[in-house]
Amino acid sequence: MAESSRTDPGDPAPPTQLVQANSATRALNILGDRWTLMILYLAFRRARRFEEFQSQIGLARSLLIDRLRRLQKAGVFEKVRYQERPVREEYHLTEMGRDLYSLALTIIRWEKRWFYDPANPAHRLVHSCGHEFTPEFRCGHCGELASPRDVYVEDGPGAGFEPSPPPRAQRRSIVPAGGLNQGDPMLDRAFQVLGDRWTSHVIASAFMGRRRFNDFQTALGIAPNILSDRLSRLVDLGVLRRELYQERPERWEYRLTDEGRDLYPLIAELNRWGDRWLAGDAGPPLITYHRPCGHVLEPQVTCDQCHQPVEAHDVTQAEQQPNTSG
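In what follows, the accompanying structure is described. Being a predicted model, the structure only gives us computed values, none of them experimental. (Residues numbered from 1 in each chain as written. Predicted model: local features only at pLDDT ≥ 70, side-chain atom pairs only at ≥ 80, totals over all residues. Heavy atoms only, no water.)

**Focus on the overall build of the protein chain**
Item 1. Assigned secondary structure in the protein chain consists of twelve helices and 14 strands.
Item 2. When the 326 residues of the protein chain are sorted by exposure, 47% land in the buried category.
Item 3. Sequence separation of at least 24 residues holds for 72% of the intrachain contacts in the protein chain that already meet a minimum separation of 6.
Item 4. Total accessible area on the protein chain is roughly 16,400 Å²; 46% of this is exposed by carbon and sulfur atoms. (Helix = DSSP H or I, 4+ residues; strand = E, 2+ residues; numbered from the N terminus. Buried < 20%, exposed > 50% of the residue type's maximum accessible area, 1.4 Å probe, protein only. Contact = heavy atoms within 4.5 Å. Areas by Shrake-Rupley, 256 points an atom, 1.4 Å probe, with all protein chains shown as cover.)

**Section: the packing of helix α8 (residues 197-206) against helix α9 (residues 213-220)**
Item 1. Where α8 contacts α9, the two axes come as close as 10 Å, and the packing angle between them is 110 degrees. With respect to each other, α8 and α9 are oriented roughly perpendicular. By crossing handedness, the relation of α8 to α9 is classed as right-handed. Residue-level inspection shows Trp198, His201, Val202, Ser205 and Ala206 of α8 in contact with α9, the latter providing Phe216, Ala219 and Leu220.
Item 2. Its residues placed into classes, the contact of α8 with α9 shows six nonpolar, two polar and no charged. (Axes fitted to C-alpha atoms, helices over the stretch in contact; angles between N-to-C directions. Parallel < 35°, antiparallel > 145°, perpendicular 65-115°, else oblique. Left-handed = near helix turned anticlockwise from the far one by under 90°. Nonpolar A, V, L, I, M, F, W, Y, C, P; charged D, E, K, R; others polar.)

**Points about the nonpolar core**
Item 1. Counting residues in each nonpolar core, the largest one holds 77 residues, and the members touching the most others are Phe53, Phe77, Val193, Ile203 and Leu270.
Item 2. The contacts of leucine 270, once residues within four sequence positions are left out, are Ser23, Ala24, Ala27, Leu28, Leu31 and Leu103. (Core = buried A, V, L, I, M, F, W, Y, C linked by side-chain atoms within 4.5 Å.)

**Re empty space enclosed by the protein**
Item 1. Taken as a whole and assessed by the stated rule, the structure comprises two cavities of 30 Å³ or more.
Item 2. Of the volumes computed, that of the largest cavity is approximately 120 Å³.
Item 3. Lining the largest cavity are Leu31, Leu37, Leu40, Tyr41, Phe44, Leu100, Leu103, Ala104, Ile107, Ile108, Leu187 and Phe191.
Item 4. At the level of elements, α2 (34-44) and α6 (101-114) are the ones that each hand at least two residues to the lining of the largest cavity.
Item 5. Split into classes, the residues belonging to the lining of the largest cavity amount to twelve nonpolar, no polar and no charged.
Item 6. Space inside the second largest cavity adds up to approximately 70 Å³.
Item 7. Every residue lining the second largest cavity is listed: Leu28, Leu31, Gly32, Leu37, Leu103, Ile107, Leu194, Ser200, Leu266 and Leu270.
Item 8. Listed by contribution, the elements that provide at least two residues to the lining of the second largest cavity are α1 (23-31), α6 and α12 (264-278).
Item 9. Looking at the lining of the second largest cavity, its residues break down into eight nonpolar, two polar and no charged. (1 Å grid on protein atoms, 1.4 Å probe; cavity = no way out; pocket = protein on both sides within 12 Å on 5 of 7 lines; lining within 4 Å. Points joined across faces, edges and corners; volume = space filled by probe spheres on them.)

**Overview of the packing of aromatic side chains**
Item 1. Inspection of every chain in the model, using the stated rule, returns seven aromatic pairs.
Item 2. Each ring, one from tyrosine 152 and one from tyrosine 289, has its centre 5.2 Å from the other, and the planes form 15 degrees; the classification is stacked. In this pair, tyrosine 152 is assigned in strand β7 (residues 151-155) and tyrosine 289 in strand β12 (residues 286-290), connecting sequence segments 137 residues apart.
Item 3. Under the relative-accessibility criterion, tyrosine 152 is labelled partly exposed at 31%.
Item 4. Through pairs of rings, three or more aromatic residues link up here, namely Phe53, Phe77 and Tyr91.
Item 5. The ring of tyrosine 82 carries arginine 49 above its face, with NZ or CZ at 3.8 Å from the centroid.
Item 6. Here the basic side chain of arginine 242 rests over the ring of tryptophan 252, its NZ or CZ set 3.8 Å away from the ring centre. (Phe/Tyr/Trp six-rings, centres within 6.5 Å; stacked < 30°, edge-to-face > 60°. Lys NZ or Arg CZ within 6 Å of the ring centre and 35° of its normal.)

**Observations regarding the environment of arginine 272**
Item 1. Here arginine 272 is to be found in helix α12.
Item 2. For arginine 272, a relative accessible area of 19% gives the class buried.
Item 3. Each C-alpha atom of the pair arginine 272 and leucine 103 lies 9.4 Å from the other, and the pair is 169 residues apart in sequence.
Item 4. Residues within four places of arginine 272 in sequence aside, it is in contact with Asp99, Ser102 and Pro299.
Item 5. In terms of polar contacts, arginine 272 uses its side chain to reach the side chain of serine 102, at 3.3 Å. (Polar contact = N/O pair within 3.5 Å; in protein donor to acceptor, adjacent residues only side chain to side chain.)

Now the structure itself:
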């Protein structure tokens, strides 16, 4: 597959800069990459071997090796030997990796609600109740649906500041759209929105109430030119909208659209996963409360048909619809 690449001069923030501690941000430093999301998607579809990932993504060998190593180092994958001579190994999800399944469901939920495609197998999942379903996001304490308007946050025991993420060694790849996902439609729209570390960080920061350029820059430790690019991209994608709040000189705020606000379950799951696996002894930086029941939000992804929690072993794909054209 033809591939060109370029460096992103604004990608790393100065290593000594401090940013607000946030579990979603920590999670995105591991997961906020298009190729990483594709690899995880395939892992939940039971891909295990290097050749399976490469054939279905079409990613250059060196880049795939890099992403798999990163996920292994983070604790998401472990290598399991399945042949001695010659030595051959598979990549298996660890408990930490399997705990990302509900996050994957929130990605599927968002894309299916806004860009449904019956030809996409991820959009036609069947729950163990026997029905095709769309994942729902609920409070596990009271069982009610949870939206960004239903929650509020307070500082947790791990609140404070921490060093900005270290520079990344890899270069950002620019791959022709026609070269992606050949023969296997994935979650292209969701990956377009979420498959860049800084774009994902901006979305997460918007859910924290940040609207102005300087607020995003201070919270994220991001270079101005990169922040400007990501804000413009999210406006073009329909996730953010610009609103003029000062005319001379012109100054703009960036607010979540309905499509953008519907990403809340994803951000909540990033926080949950980051709190569980990345908070360390300090504890979660933020605690989210569910207004209707008054308790700490217990994120739960359920089936919209039977309203029961969804686990990976409960889900299969719908049979492919026959082609009746012609």
